[in-house]
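For reference, the chains in residue letters:
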Amino acid sequence: MEVVPGQSAQARLQVAHLHNRTPIEVPVFIEHSIKPGPTLLLLAGIHGDEVNGIEILRQCIAKGITKPRKGTTICIPVVNVIGYVHNQRDLPDGRDLNRAFPGKKTGSLAAQIAHQLTQWVLPHTDLVVDFHTGGAQRFNAPQIRLSGDDPELLKKAKVFGAPFVIYNKPTPKSLRHTCDKKGIPLLLFEGGKSNDITASVSNAGVNGVKRLMYELKMLSPKFKVSKPKYKTIEIINSSWVRASSSGMFKPLIEVGQWTEKGANIGQLSDPYGQSSISVLAPNAGYIFNVNQAPTVYQGDALFHISTEIRYSQNEG
Ligand SMILES: [Zn+2]
């Protein structure tokens, strides 16, 4: 379909059919300004249970933020429409959509959806923001993930203004991996945990979209842009603190906080009140992910902690 300048459109991307012939359609919201400019693609819900990302884009549409003063926004709040209905990360066949890119027309349901996005949406895009949350009960501090040495992308991540920027390689066959290969800049937002909406995370996402659109001169002048309250902390290296035994788990530190080496950051207990052990910070660093599961198994990830950081001045 064609959306002429000055027009809004609600399209349905026909991504696949189920075996019972039910068509799978993904709603796509397009806002095309009369003034030419870049095309910003905003995506959430590639994992159907990561509703905090969906909430961020819901707010962006409802408040009119995605109506640009120049250029175009393409907004897909729920990519994995089937997973979302079932509060599930994956598709009904158990496949992870974010491990199916660039996709294949004749492949699995995940591969077909990925193919349609790669084929029909990505070629129109100058910049992508893909919204995710931590998996299961692992709560992420709001953060932008980057692949590495791209100063332009780092600048955009700082403009977004999430408290943390994390460097890590894209997961093979993820949307970020495909965008990297195609040279399409992508900011991966992570914040909160699955099946949960936390207002501070939603606010970080919505404010980030506004700041980014302001920087791109796309934001309508009716919106105010707030400066981030903090300097972005770049996490160069990090490691997981894992459970040394199974049991009930109580974190004793808030996500996003700094810990000193050796501090007691959590408690692992047996359910009968017979034993309890402290989880000690292996090094000083920022805790940017906390497992909020009440019960954990030996070897489970409890905290993600920075091992090497860099403070940087925010842009914009
Ligand atoms: Zn995700």
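Residues numbered from 1 in each chain as written. Predicted model: local features only at pLDDT ≥ 70, side-chain atom pairs only at ≥ 80, totals over all residues. Heavy atoms only, no water.

Description of the sheet that holds strand β15 (residues 295–296)
Backbone-to-backbone hydrogen bonds pair the strands of a sheet. The strands run either parallel or antiparallel.
Part 1: Here four strands make up an open sheet; going across it, the order is β13-β12-β10-β15 and the pairing antiparallel. Every other strand in the sheet has two partners, leaving β13 (276–280) and β15 as the edge strands with one partner each.
Part 2: Pairing geometry for strand β10 (residues 247–251) and strand β12 (residues 264–269), over four bridges, is antiparallel. Its bridge partner lying in β12, Met248 is registered against Ser269. (Pairing = 2+ DSSP bridges. Helix = DSSP H or I, 4+ residues; strand = E, 2+ residues; numbered from the N terminus.)

Regarding the coordination of the zinc ion
Part 1: For the zinc ion, the protein coordination sphere consists of His47 (ND1), Glu50 (OE), Glu50 (OE) and His132 (ND1), at 2.0 to 2.4 Å.
Part 2: What the four donor atoms of the zinc ion show is an angle range of 57 to 150 degrees at the metal, which sorts the shape as irregular.
Part 3: Here the donor residues of the zinc ion share one chain and are spaced in sequence as H-x2-E-x81-H. In this pair, Glu50 sits in the loop between β3 (39–44) and α1 (51–62) while His132 sits in strand β5 (residues 127–134), placing the two residues 82 residues apart along the sequence.
Part 4: Taking the relative accessible area as the measure of exposure, Glu50 reaches 2% and is therefore buried. (Donors = N, O, S within 2.8 Å, 3.2 Å for Na, K, Ca; no water. Tetrahedral: all angles 85-135°; square planar, octahedral: opposite > 155°, others 65-115°. Buried < 20%, exposed > 50% of the residue type's maximum accessible area, 1.4 Å probe, protein only.)

Some thoughts on the pairing of strand β14 (residues 285–291)
Part 1: Of all seven residues that make up β14, seven are buried, and the element is covered over most of its length.
Part 2: Taken together, the three bridges between strand β6 (residues 138–146) and β14 define a ladder with antiparallel strand orientation. Paired with Asn140 across the strands is Asn289, a residue of β14.
Part 3: Sheet topology note: the strand β11 (residues 258–259)/β14 ladder contains two bridges and is antiparallel.

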